[in-house]
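# Structural description and commentary
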Amino acid sequence: MSSTGKLTIDLDALVANWRALDAMTNVETAAVVKADAYGLGMDRVARALARAGVRTFFVAVPKEGVALRQSVGPKPEIHVFSGHMAGDTDMISDLNLTPMLNSTDQLIRHLEALPGHPFGIQLDSGMNRLGMEPAEWAAVRDTVLAANPVLLISHLACADEPDHPMNAQQLAAFRDMTDGTGVPRCFAQTGGMLLGADYHFDMCRPGIGLYGGLPFSGAQPVVTLDLPVIQTRHLDPGETVGYGNTFTATRETRIATVSSGYGDGIHRIMGPKTVLYAEDTPCPVAGRISMDSISVDITDLGYDPKWLRILGAEQTIDDLADNAGTIGYEILTAMGARYDRLYIGG
Ligand SMILES: *Cc1c(COP(=O)(O)O)cnc(C)c1O
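Being a predicted model, the structure only gives us computed values, none of them experimental. (Residues numbered from 1 in each chain as written. Predicted model: local features only at pLDDT ≥ 70, side-chain atom pairs only at ≥ 80, totals over all residues. Heavy atoms only, no water.)

Quick look at the domain arrangement of the protein chain now. Partitioning the protein chain into structural domains gives domain 1 (11-211) and domain 2 (223-344). In this assembly, 10 residues from domain 1 lie in contact with nine residues from domain 2. Summed over both partners, the interface of domain 1 with domain 2 buries about 910 Å², with 66% contributed by carbon and sulfur atoms. Of all residues in domain 1, the largest losses of buried area upon contact with domain 2 belong to Tyr38, Leu40 and Ile208, amounting jointly to 49% of the total for that side. Remark: the boundary between domain 1 and domain 2 carries zero salt bridges. (Domains from an automatic or database assignment. Contact = heavy atoms within 4.5 Å. Buried area = accessible area lost by both parts, 1.4 Å probe. Salt bridge = Lys/Arg side-chain N within 4 Å of Asp/Glu carboxyl O.)

Written as C-alpha cells, this is what we have:
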C-alpha cells in the first residue's frame, strides 16, 4: 500500500463535461488546460480531450504550450493568454503557439520578431487585468486587422453571477470593439457559456466546468482523493490531538492519522468543517491539519479503515472550497505533487 494519497481522475467524466458544455452552444468549444489542467495533469487531460474532438487549447504561458505540444502533436491550435513576452519568441515559433497579444508593446514585438506567425488579440472589456483597452485598440486596430489576427478575445469578470450588470456591460464593450472586424471572436469561459447565446460568439473556452466545478452545476465530478491511513490509536478521555491541543477526547476515542496535509493543498483552515469518508460514513477531522498528516476521529465508525476519502461525490471540490473560504479552482490547482495520479476511462 502506498503512503501517499491517491488522486483518481476520471477521463470519461472529463470528456462528458466537455461534451455537455459543447452541446449548450452552436460554436466551437475549446478547452483551457493552464496550470497543469487545473492540477489534474495536462498531458493525460489534453490527450483525452483531443481524442474527444477538442481542436483548440488555451494555456496561460508559452512554457505550458511547449509541454502541451508534446502531448497533443502538431494539429491542435494552442493559444497563449499571456501573449508574447521578450524571451518567448523561440517557443512561440518552434512549437507553433498562438499568442493572444495584450498590448501595443506585445503587438510590435510579435510583428517584428515573427512576421506572418499567427496571433490573436486580447481586449480589455472592463476587467482591467489583461488586454488592450478601447483607446489603445482604436489606435492599432487597422494595423492589427491588416496582419490577419486569428482570434479576438476578452474575459468576463463576473460571469459566475448571472445577474451581475458587469456581464452586459462587458458584452457591450466587447461588441463595440469587435463588431464588423470579420475576425473570429471568443468571449466566454465556463460561466460566460451559461449566460446564453449572446455570449458565445465563434468559440467558447471553458476550464473549470470540464474539471467538475461550479458554476457548471451540471458537471460530473472528475476527481476523487483517497488518503491512506498510516496509523490508528486509542485515546482516553482528556487526551488531546495535534498542534495546539485543539481537539480533546471527551470519551473513549479512536483516531486515524492519514497521509496528506496543507503541504499537499489540504488547506489548514478547512479543518474544522471538513470530514473524511469511510465508504458512506463521514468522520470529522480531529484537531489541526498538519503539513503531512491529518488526524481523523473514527470512533463512530466501529472499525479501522485503510483509506479515507476527502474529495469525491460526497464532498466535492466546491464543498472543500466553502470549508476553506475559497473557490473550487484553488482547491484543484493546490492538489499536491506528492499524490499518485491515477487515470481511469478515456
Ligand atoms: C482561466 C481562464 C479561462 C477559463 O475560465 P473558467 O472559469 O475556468 O472556465 C478562460 N479565459 C481566460 C482568459 C482565463 O484566464
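Still more to cover.
A cis geometry characterises the amide bond from leucine 214 onward to proline 215, with omega recorded as 15°. Note on placement: proline 215 falls in the loop between strand E10 (203-204) and strand E11 (223-235). Phi angles above zero are rare outside glycine, and aspartate 36 is one such case at about 55°. Examined against the element boundaries, aspartate 36 turns out to sit in helix H2 (residues 34-38). According to the relative accessible area criterion, aspartate 36 is partly exposed, its value standing at 40%. The phi dihedral of glutamate 279 is positive, around 50°, even though this residue is not glycine. In this fold, glutamate 279 is placed in the loop between strand E15 (275-278) and strand E16 (281-284). (Helix = DSSP H or I, 4+ residues; strand = E, 2+ residues; numbered from the N terminus. Buried < 20%, exposed > 50% of the residue type's maximum accessible area, 1.4 Å probe, protein only.)

Now for the UniProt feature "modified residue: N6-(pyridoxal phosphate)lysine" (unreviewed entry) in the protein chain. In the numbering used here, UniProt assigns the feature "modified residue: N6-(pyridoxal phosphate)lysine" (unreviewed entry) to Lys34. As for its placement among the helices and strands, lysine 34 is situated in helix H2. Beyond its immediate chain neighbours, meaning those up to four positions away, lysine 34 contacts Phe58, Val59, Ala60, Glu64 and Phe81. (UniProt positions renumbered as here; feature names shortened; annotations may be inferred.)

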